[in-house]
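Each chain, written out:
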Amino acid sequence: MTKGTPSMGKFNKPIHIRCRRCGRRSFHTAKRRCAHCGFPNPKWRKYDWLKPKKLLR
Ligand SMILES: [Zn+2]
């Protein structure tokens, strides 16, 4: 078995499909959960470090 680019052929199956709620391609097929908005969690995935820190100095 060789290392490198030829082994990338294993990544044919999509891990993330289109999310119904946020529209991004972030819905994990195995976990059944969106990596972006947290669907099917009723509350949106939100973190404090997600907000822009331009006012922070
Ligand atoms: Zn989503």
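Please read these numbers as outputs of a predicted model, since none were measured by experiment.

1. What about the confidence of the model for the chain?
Move 1: With 89% of its residues at a pLDDT of 70 or more, the chain shows a mean pLDDT of 88.
Move 2: Strand β1 (residues 16–17) is the least confidently modelled element of the chain, averaging 96 in pLDDT, while strand β2 (residues 27–28) averages 98, the highest of any element.

2. Regarding the sheet that holds β1
Backbone-to-backbone hydrogen bonds pair the strands of a sheet. The strands run either parallel or antiparallel.
Move 1: The strand order across the open sheet formed by 3 strands is β1-β2-β3, and the pairing between neighbours is antiparallel. The strands lining the two open edges of the sheet, one partner per strand, are β1 and β3 (33–34).
Move 2: In the sheet, β1 pairs with β2 via 2 bridges, with the strands oriented antiparallel. Bridge pairing in β2 places I17 opposite F27.

Quick notes on the rules
Residues numbered from 1 in each chain as written. Predicted model: local features only at pLDDT ≥ 70, side-chain atom pairs only at ≥ 80, totals over all residues. pLDDT = per-residue confidence, 0-100. Helix = DSSP H or I, 4+ residues; strand = E, 2+ residues; numbered from the N terminus. Pairing = 2+ DSSP bridges.

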